[in-house]
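Secondary and tertiary structure notes
Each chain is listed here by its residues.
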Amino acid sequence: MARWLLHVDLDQFQAAVEFRRHPELRGLPVIVGGNGDPAEPRKVVTCASYPARAFGVRAGMALRSAQRKCPEGVFLPLDMASYEEASDEVMSLLRTFPGRVEVWGWDEAFLATDTDDPEALAREIRSAIEQLELSCSIGIGDNKLTAKLATGFAKSTGKSADGPATDAGAAAGVFRLTAANWTEVMAHRPTNALWGIGTRIATRLADLGINTVADLMAADRHRLAAEFGPNTGPYLWVLGHGKGDTDVTTEPRIPVGRSKSETFPHDLTDPAEIRTQVARLATEVAEEMAEAGRIGTRVSVTVRTNTFYTRSKQEKLPTPTIDPAQITETALRIIDRFPLDRPIRLLGVRLELVPEWDCGFNGGSGPTR
């Protein structure tokens, strides 16, 4: 049997979770974001159903803009707890299939498996997820790059109003991309079709006369290294040839920090109110990490003005601690170092953490692990 990488990507995930609770919304242009109020300033779309996307609504778009594009849209508030619960359902289900699962977020994961028929396995997974009243697209590859890219093609094979069609044939929602068909599928496409190449790098490649994946495959590695550096240049060449990581890590990623930020409906100008908001954010971060048993080592505060000028300042804690009062006090000292002479649009507080493996040291403040 051969080793395959399957990339499982849940379709229109947040909207799909809402459809489970509200079946009457299926087929409608559902838009999730903020508190579900499109008139609320500075809130953005986090998910749009396929019918909403047909109107041009996209994740990251301001809710107000989404309403202008889709006046008939059904706006729903974010429900983080429900999305996390649904995600856990799916990831637990994936772990019942043969192979190793690496979770990449709420709505996507890689499955490394040994099988003679990866398409059959992909269809089994899709069928099982449909039993949860959700749908997914699955990319099959010989590494993570090809599997991830294959998912994009899988999503285009037979969509219904609510997601990839289940009656559009065996290939619907599943696509295989490997070294065997890499050139046929990818060579004519622009370089930013590759996972890992954005608009900025694609523009720089175009300046070198490298416009397509085929151009990148034929590029001189030394020239790429001279332009992009000794690491990035050769890496771009590797991407062009469809090579990528094959390791699947089942261990959860241990966060090295935790942050909270908020964009306010109205700019803050009162220093007392600014300090109050910083204290609230710092307390929330500290209490969450205290509950998780993590220990803080450094606090940073980010300020963004109404002109989008953004700056962060930080301070190391005297000793590692999980004491919310001490962390909040530190955050307030930091905010006092800012001039605060312009209206504030966003505030953020971040707590750097002692590595998980080192949490047996508590510096005399808080339990050991």
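So, the sheet that holds strand β2 (residues 30–32)
Reading across the sheet, the three strands line up as β3-β2-β4 and stay open at both edges, with mixed pairing between neighbours. Strands with a single pairing partner mark the edges of an open sheet, and in this sheet they are β3 (47–48) and β4 (74–76). Across two bridges, the pairing between β2 and β3 is antiparallel. In the strand pairing of β3, Val-32 is matched with Cys-47. Contacts between helix α1 (residues 13–21) and the sheet are confined to β2, β3 and β4, with β2 contributing the most and set at about 115° to the helix.

A closer look at the nonpolar core
The biggest cluster of nonpolar side chains holds 34 residues, and the ones touching the most others in it are Leu-6, Leu-94, Ile-125 and Ile-129. Elements represented by at least two residues in this core include exactly β1 (2–10), α1, β2, α4 (80–94), β6 (108–115), α5 (118–130) and β7 (136–141). Counting 25 residues, the second-largest nonpolar core is a separate cluster that includes Ala-279, Leu-281, Met-289 and Leu-317.

Some thoughts on the packing of helix α8 (residues 199–207) against helix α10 (residues 221–228)
The N-to-C vectors of α8 and α10 enclose an angle of 125°; their axes lie 12 Å apart at closest approach. For the element pair α8 / α10, the angle class is oblique. You can see that α8 and α10 cross each other, and the crossing is right-handed. Within the contact between the two elements, α8 uses Ile-201, Arg-204 and Leu-205 and α10 uses Leu-224, Glu-227 and Phe-228. In terms of residue class, the contact of α8 with α10 is built from four nonpolar, no polar and two charged.

Calculation criteria
Residues numbered from 1 in each chain as written. Predicted model: local features only at pLDDT ≥ 70, side-chain atom pairs only at ≥ 80, totals over all residues. Heavy atoms only, no water. Pairing = 2+ DSSP bridges. Helix = DSSP H or I, 4+ residues; strand = E, 2+ residues; numbered from the N terminus. Contact = heavy atoms within 4.5 Å. Axes fitted to C-alpha atoms, helices over the stretch in contact; angles between N-to-C directions. Core = buried A, V, L, I, M, F, W, Y, C linked by side-chain atoms within 4.5 Å. Buried < 20%, exposed > 50% of the residue type's maximum accessible area, 1.4 Å probe, protein only. Parallel < 35°, antiparallel > 145°, perpendicular 65-115°, else oblique. Left-handed = near helix turned anticlockwise from the far one by under 90°. Nonpolar A, V, L, I, M, F, W, Y, C, P; charged D, E, K, R; others polar.

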